[in-house]
Amino acid sequence: MATEAVVEGRSVGHRLAGLFHGRRRLQVGTLLAGPVGWLVIGYLGSLAVLLVAAFWSVDPLSGEVVRGLSFENFETLFNEPVYREIVWRTVRVAALVTLTDAILAFPIAFYMAKVASRRGKAILVVAVLLPLWSSYLVKVYAWRTMLSAGGVINWALAPFGLEGPGFGGTAVWLVMSYLWLPYMILPIYAGLERIPNSLISASEDLGASPFTTFRRVILPLSFPAVVAGSIFTFALTLGDYITPRLVSNDQFIGNVIFNNISNNLPFASALALVPIVVMIAYLMVARKLGAFEHI
Amino acid sequence: MRKHDAHPARTALLIAGGLVVFMLLLAGCGSSSNNTTSGEELQKVGKGEGALSLISWAGYVEPEWTKPFEEKTGCKVSDKVAGTSDEMVQLMRSGQYDGVSASGNASARLVDGGDVAPVNVSLVPNYKTIFSDLKDQPYNTFDGVNYGIPHGRGANLLMWNTNDVKPAPTSWDVILDPKKAAKYKGKISAYDDPIYIADAAVYLKAHQPELGIENPYELNEEQFEAAVSLLKEQRPNVGEYWSEAAKQISAFAGGDSVVGTTWQYQYFELEGAGKPVAASPASQGFLPSEGATGWSDTWMISSEAKHPNCMYKWMDWIVSPKVNAEVAEYFGEAPAQSLACEETADKEFCTKYHADNPGFWKRVYYWETPLADCGNGSSDCKDYNDWVQAWTSIKG
C-alpha cells in the first residue's frame, strides 16, 4: 500500500515535471499567474467596480442602489459649491505639504548622502525610518496632545508671549508634513547617492562656487528624485481623512467619501474618482519632469 | 540613455481607457436588485446551530460574556464591529450575518429593506422584565410587530467645564443661540454626524413653535432648512466636532472644548478622572429645558439568518440580568433589563444612568431614521440622504 502510494506520487511529480520541461512559456506563465491575476482582478478589478458604481444612483425612497447609467452624482459634484471647496482645499494642502517636505528633506538627504560618515549615515537612516515603526494613529494622537490648548507647544511658546496654532488647517499641514517626511527623504537620498562625487569635484575644479555647483549640477541631477518623493507626499495627503478629522474640523475629499460610503455608495464612488483624476494629471506632469527616467 | 519604447503615461491612459469602456458596459447592462423577502417568526427555539455571526457596536460583544455563552449553548460567536449605523445597514444587506445591535436610525431602514425578520418575543424569556417604556417603540416595532429585543439606551447630554462656563447653562441655547454661543467661540463641542441636525430640531421645536416641529426626525423642507441654517450659524463657534468618544474626552481634558453635547460615557469618564465637568442636574430632570436626543439599541435578527436558534439564544442571553448589567457597565449605558440594576458592580450605576427613571426618558427623542415618508401621506419629509448632503454643507 505504502510503496504503491509513493510510486504513484512520484509518477505524478514526474509527469508534471515532464509537462513543464522545455516549455518556457508555460513555466513563465505559471510563475506569473498569481501576481498578475492579483494585479488584474484584485487591484484593477476593484478600481473598475469603483468606476462603475460612480454611474449608479440611489433610489430616494428605498435607499437601494439602482444599477443603471446616471450622471446625477457628477451633477451634484459640479453644481454644489461645497464640493468644489473641499476638493480645492485637499489639493491645496497636498501641494503645501509636498513643498514643505521637499524643503525640509533636501538638506537632510544631502547630508546623509554626501557629508555624513558611514556610521553617521546608518544612524540617520534609522532615525528617518524610526517613526514608520509606530502606528499612524499613535502619531496623530500624539500631535493632538501636543497641539491642544494645554499642550506642550503652547507651554513652550508661552514664555515668548506666543500661542500655538491649536486645531485647524495649520495643524493639518503640520501633522501631514511630519507624517510623510520620510517618504520624501528616502527617494531624494537614493537619488543623491547616485550622483558620482567626481562630478562635484570636477565642478569645483572648473571654478564653480558651491552655490553654482548645487544649482547647475546637483539640483538638475537629483530633481527626478524630488519629483518621485513628491508623488508619495502628494498622494498620501490627498487620500488621508483621519488626520483632518482628528486635528481640525476641515473636511477633505476622504471625509466626504467616508460620510457617504454606506448610505450613498454611488456618490462616494464618484467622489473617489476626483483624487484619481488629480493623481493622473500629477503623474503626467511628473513624467514630463523626468521622475520615471530611472525606474 | 532614455528608452524610447516605454511610455508609462500612455500605458496608464490605455489602461484608464479600457477601464472606462468596461465600466460603461457594466453600468449599462446592470439591473436593479430586488430582495424584499421578509422572514417568518420562529415558533420554537431548537438546538443551537453551533455558530453565530453578529454585527455590533464596539463593546457590545466582549469575551467576558461571549465565552460563557459559547460554553452554555455551543454557539461559537464571531463579531463584526461597525462604526456607524450606516455601516450596520450596509453589512446587514450582505445577508451574511445572523443579527445586529441596531440603533433607531438604522432599524427602520433594515425593516423597510426586508433585511430583518420579526422577533417572537415569547421565545425570549428575559423579555418580560425589560423596562416597559422600551417595549413597542417606533424604532423596534413596526405595524404592531416586534422586530427586536431592546439592549440599552443613552441620552445625549449637555456637558460643560465648571471653571469656564458660568452660570451653569439650563438650555441648549448656550451652544445653539448664535449670540450666546459666541461667548464660547472656538470652545464648543458638537457631535460629528448628520443625525446631529435633530439636536437643532429639538431646540427649534421649543424656541420656534411656529415651525410646527413634532418629531425632530421628521422634518419638512421649511423645518429642515431652519435646523440646517441654525447649525451653519453655529459652525464658526464650534471648536471641535467629535465622533469618537476618546477624541471628545481629550478635548475636554486638555481645555480645547468647554461646553457641548456628549454621551453619559464621556461625562462619567471625565468626572471620574477628576476633571471639572458638569451635566444638567437632577433639579432640571438631568436634561436641558428642551429635552434631548438619545439612542436606544435593539438586537434584530436577519431575515436570512443561518443560525436562528443561536440568535434567539443570544438575544435572551444578552438581556439576562447579569449579562445586561455587565454590558451596560462596560459600555456606559442604561441597561434595558430592569433586573440588571441589582447585578451591577457599582450599586449606584442604574441611578447614575437613569435606567429606572421613566421621567428622564420621556424627554429623550431616540434616534430614528429620517425617511421621506413621515406618516402624513405626502412623502415630503427630508430623507437621510438629504441629511448627509446637508451635513457636508454645514461643515463646509
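Residues numbered from 1 in each chain as written. Chains lettered and ligands numbered in written order. Predicted model: local features only at pLDDT ≥ 70, side-chain atom pairs only at ≥ 80, totals over all residues.

## Structural notes on the pairing of strand 8 (residues 188–191) of chain B
All names here are of chain B. To keep things clear, this is the line we draw: At least two DSSP bridges between two strands are needed for those strands to be called paired. In this text, helices come from DSSP runs of H or I with a minimum length of four residues, and strands from runs of E with a minimum of two, each type numbered from the N-terminal end.
Of the strand pairs in this sheet, strand 8 and strand 9 (residues 238–242) are connected by 4 bridges, and their pairing is parallel. Its bridge partner lying in strand 9, Ile-188 is registered against Val-238. Examined bridge by bridge, strand 8 and strand 10 (residues 259–263) share 2 bridges and lie parallel to one another. Residue pairing across strands places Ile-188 opposite Val-259, the latter belonging to strand 10.

## A look at the domain arrangement of chain B
Residues and elements named next belong to chain B. Test applied: Note that the domain bounds reflect an automated or database-derived domain assignment. C-beta atoms are placed from the backbone for every residue, and two residues are taken to be in contact when these atoms lie within 7 Å.
Each domain of chain B was delimited in the assignment, giving domain 1 (51–153 + 295–355) and domain 2 (154–294 + 371–395). In this structure, domain 1 and domain 2 have C-alpha centres spaced 27 Å apart. Listed per partner, the contact involves 11 residues of domain 1 and 8 residues of domain 2.

## A look at the nonpolar core
For the record, the criterion: In this usage, the nonpolar core is the set of buried Ala, Val, Leu, Ile, Met, Phe, Trp, Tyr and Cys residues whose C-beta atoms join them within 7 Å. Neighbour density around each residue's C-beta defines its exposure: 20 or more other C-beta atoms within 10 Å make it buried, 12 or fewer make it exposed, and counts between make it partly exposed, where C-beta atoms are placed from the backbone.
Grouped together as the largest cluster of nonpolar side chains are 115 residues, with contacts concentrated most on Ile197(B), Ala200(B), Ala201(B), Ala227(B), Trp314(B) and Met315(B). Both domains that furnish three or more residues to this core are identified here as domain 1 (51–153 + 295–355) and domain 2 (154–294 + 371–395) of chain B. In contact with Ala200(B), not counting residues within four places along its chain, are Leu176(B), Ala227(B), Leu230(B) and Leu231(B). Judged by nonpolar contacts, the second largest core, of 40 residues, contains Val97(A), Ala105(A), Ala113(A) and Val128(A).

## A closer look at helix 9 (residues 245–253) of chain B
Those residues of helix 9 of chain B not exposed but buried are Lys247(B), Gln248(B), Ile249(B), Ala251(B) and Phe252(B). Count one or two residues on from helix 9 of chain B and you reach Gly255(B), which has phi positive near 85°.

## So, the packing of helix 12 (residues 253–260) of chain A against helix 15 (residues 384–395) of chain B
Quick note on the threshold: Lines fitted to the C-alpha atoms define the axes, with helices restricted to the stretch that makes contact. Angles between their N-to-C directions range from 0 to 180 degrees. Roughly parallel means an angle under 35 degrees; roughly antiparallel, over 145; roughly perpendicular, 65 to 115; everything else is oblique. In this scheme, a crossing is called left-handed if the near helix is turned counterclockwise away from the far one by less than a right angle; it is called right-handed if the turn is clockwise. Each residue is assigned to one class: nonpolar for Ala, Val, Leu, Ile, Met, Phe, Trp, Tyr, Cys and Pro, charged for Asp, Glu, Lys and Arg, and polar for all the others, Gly among them.
As a packed pair, helix 12 of chain A and helix 15 of chain B sit with axes 10 Å apart at the nearest point and diverge in direction by 160°. Between helix 12 of chain A and helix 15 of chain B, the interaxial angle falls into the category roughly antiparallel. As for the relative orientation of helix 12 of chain A and helix 15 of chain B, their crossing is right-handed in sense. Mapping the contact onto sequence places Val256(A), Asn259(A) and Asn260(A) in helix 12 of chain A and Val388(B), Trp391(B) and Thr392(B) in helix 15 of chain B. Classifying every residue of the contact of helix 12 of chain A with helix 15 of chain B gives 3 nonpolar, 3 polar and no charged.

## What about the domain arrangement of chain A?
Domain annotation of chain A identifies domain 1 (2–53) and domain 2 (76–288). Of note, the centres of domain 1 of chain A and domain 2 of chain A, computed from C-alpha atoms alone, are 40 Å apart.

## Examining the confidence of the model for chain B
Residues and elements named next belong to chain B. Our working rule: Each residue carries a pLDDT score, the predictor's confidence in it, ranging from 0 to 100.
Counting all residues, the mean pLDDT for chain B is 87, and 89% of those residues have values of 70 or more. Segment residues 1–6 is flagged for pLDDT under 50; beyond a separation of four residues in sequence, or across chains, it makes 1 contact in the model. Segment residues 27–38 is flagged for pLDDT under 50; beyond a separation of four residues in sequence, or across chains, it makes 19 contacts in the model. The ipTM assigned to the predicted complex is 0.76, against a pTM of 0.79.

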